[in-house]
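# Coordinates in review
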Amino acid sequence: MGEHVIKLPDVGEGVAEAELVEWHVKVGDLVREDTVLAAVMTDKATVEIPSPVDGEILWLGAEIGDTVAIGSPIVRLKVAGEGNVKAAAEAAPEAKAPVAPVETKPAPAAPKPAPKPAEPPKAAAALKAAHPASASGAPRAEGEKPLASPAVRLRAKEAGIDLRQVPGSGPAGRIGHEDIDAFVARGPQLTRATGLAQKDGVEDIKVVGLRRKIAEKMSLAKSRIPHITYVEEIDVTALEELRATLNKEKRADRPKLTLLPFLMRAMVKAIGEQPNLNALFDDDAGIIRQHEGIHIGIAAQTPNGLVVPVVKHAEARDLWNSAVEVNRLADAAKAGTASREELSGSTITITSLGAMGGVATTPVINYPEVAIVGVNKIMVRPVWDGTQFIPRKMMNLSSSFDHRVIDGWDAAVFVQRIKALLETPALIFVD
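The text that follows walks through the structure, step by step, so that each part is easy to find. Starting afresh in each chain, residues are numbered from 1 along the sequence in its written order. Only residues with pLDDT of at least 70 get local features here, since the model is predicted, and only at 80 or more are side-chain atom pairs given and counted; chain-wide, interface and lining totals rely on the full set of residues. Side-chain figures throughout are based on the complete set of non-hydrogen atoms in the structure, without hydrogens or water.

A separate point is the sheet that holds strand β2 (residues 17–23). At least two bridges found by DSSP between two strands are what make those strands a pair. Put simply, DSSP marks the helices as runs of H or I at least four residues long and the strands as runs of E at least two long, and each gets a number from the N terminus on. What the four strands build is an open sheet, ordered β5-β4-β2-β7; its pairing is antiparallel. A single partner strand is all that each edge strand has here, and the edge strands are β5 (45–50) and β7 (67–69). On average, each strand axis in the sheet is inclined to that of its neighbour by 40 degrees, with strand direction left out of account. Angles shown run from 0 to 180 degrees and are taken between the N-to-C directions of axes, each axis being a line fitted to C-alpha atoms and, for helices, limited to the stretch in contact.

Right, here's the structure in full:
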């Protein structure tokens, strides 16, 4: 038998290090060739690290959240044959050192508890009966599971007793029927009311991977950009009727239309009149980089967190092509297969929570952009038409702007232009 050392491979694009975001194995696991061992993240791209050999995991070289340099050892495996001879020779003293004490300790420890079970249970029960106050609090550490037989567990369940609050008098704190009797004899407990147990636990969750990158990006945006948020309501009744008609009569080669492609086309037209909204602000250099190409980021919620896939050159896409690209990018983002190029390069962003969009929001600008358009949910509301109230489909746009470079007037003109286009959707198709 030998050892095989796996090092963090070159994940491309000139990356010198990566953050470990997930382990798929643990020490002692048996793995086969191509088994995924871990996942690392570079920028916003997640890369899986497979095993090149069959073997048993002996050692894991990093913890979740650690930054690991390319070429650093991350896993050691016991393999058939010599394995990585050189790496094994260097690693053997470290890898095998912790294994020996783990196997030798249980042997001497096992005989010691053996003679105790015969007497202590009754003695401990008698002691607790004599000193009931000593057992009034939680008898075990947070998260520690109580030991009890199935019969005792059933009895506790039927009586509405939380076994975590019952001191056990048996070996290793095992709970017996006499412990249940003593617990009941002490009178009503906080935890005997079903589902009303007092909870004091605190869980520390390390912020790693995509969540850490999102936190850094949001902190940077809020610390550097003075936001101004402008909320306007839009009557989308005509737009929704048009959308339903187009979807009903759509060709087989065209996708189902959502609100987003219409909004994208409206934004393209509005930006044509106000190109200063399609820009990135390099505040360190004091430069505004105004782009001709309109690259619209679509903020998307995925199982791993918020990402922003980018529809490149929206100015050159019609309604259906925009819909095709939005669907493709959304599927890639949710599957975790979106490339770095597909997740970068936006010049303005749309954020939408769909049906959960709320009445109004205050979107955070996707730094270093200068504007973000937020879509809220569509609601049927009574609207006064001059003679009567009629039901109309209304939606709010909540848009934020970098107030250092976008004045409130320019922000209002931009949103009002989008409003006019969406309320009279035929204008979207007029050049």
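That covers the picture; the talk isn't over yet.
The residue after tyrosine 367, namely proline 368, is reached through a cis peptide bond having omega 5 degrees. Backbone geometry at aspartate 34 places phi at a positive 80 degrees, although glycine is not the residue there. Notably, histidine 313 is not glycine yet its phi reads approximately 50 degrees, a positive angle. Summarising the element assignment, histidine 313 is placed in the loop between β14 (310–311) and α10 (319–335).

Interaxial distance between helix α9 (residues 259–273) and α10 falls to 9 Å at its minimum, and their mutual angle equals 120 degrees. In terms of their interaxial angle, α9 and α10 are classed as oblique. Our pair here, α9 against α10, has a crossing hand that is right-handed. Between α9, through Leu260, Pro261, Phe262, Met264 and Arg265, and α10, the contact on the second element is made entirely by Leu319, Ser322, Ala323 and Val326. For classification, angles of less than 35 degrees are called roughly parallel, those exceeding 145 degrees roughly antiparallel, those between 65 and 115 degrees roughly perpendicular, and all remaining angles oblique. Working rule for handedness: look at the near helix, and if it is turned counterclockwise from the far one by less than a right angle, call the crossing left-handed; if clockwise, right-handed. Contacts are assigned to residue pairs with any non-hydrogen atoms lying within 4.5 Å of each other.

Pairing is antiparallel in the open sheet, where four strands are placed in the order β1-β8-β6-β3. In this open sheet, the two edge strands, each paired with only one partner strand, are β1 (2–7) and β3 (30–31). Examined bridge by bridge, β3 and strand β6 (residues 55–60) share two bridges and lie antiparallel to one another. What sits directly across from valine 31, in β6, is glycine 55.

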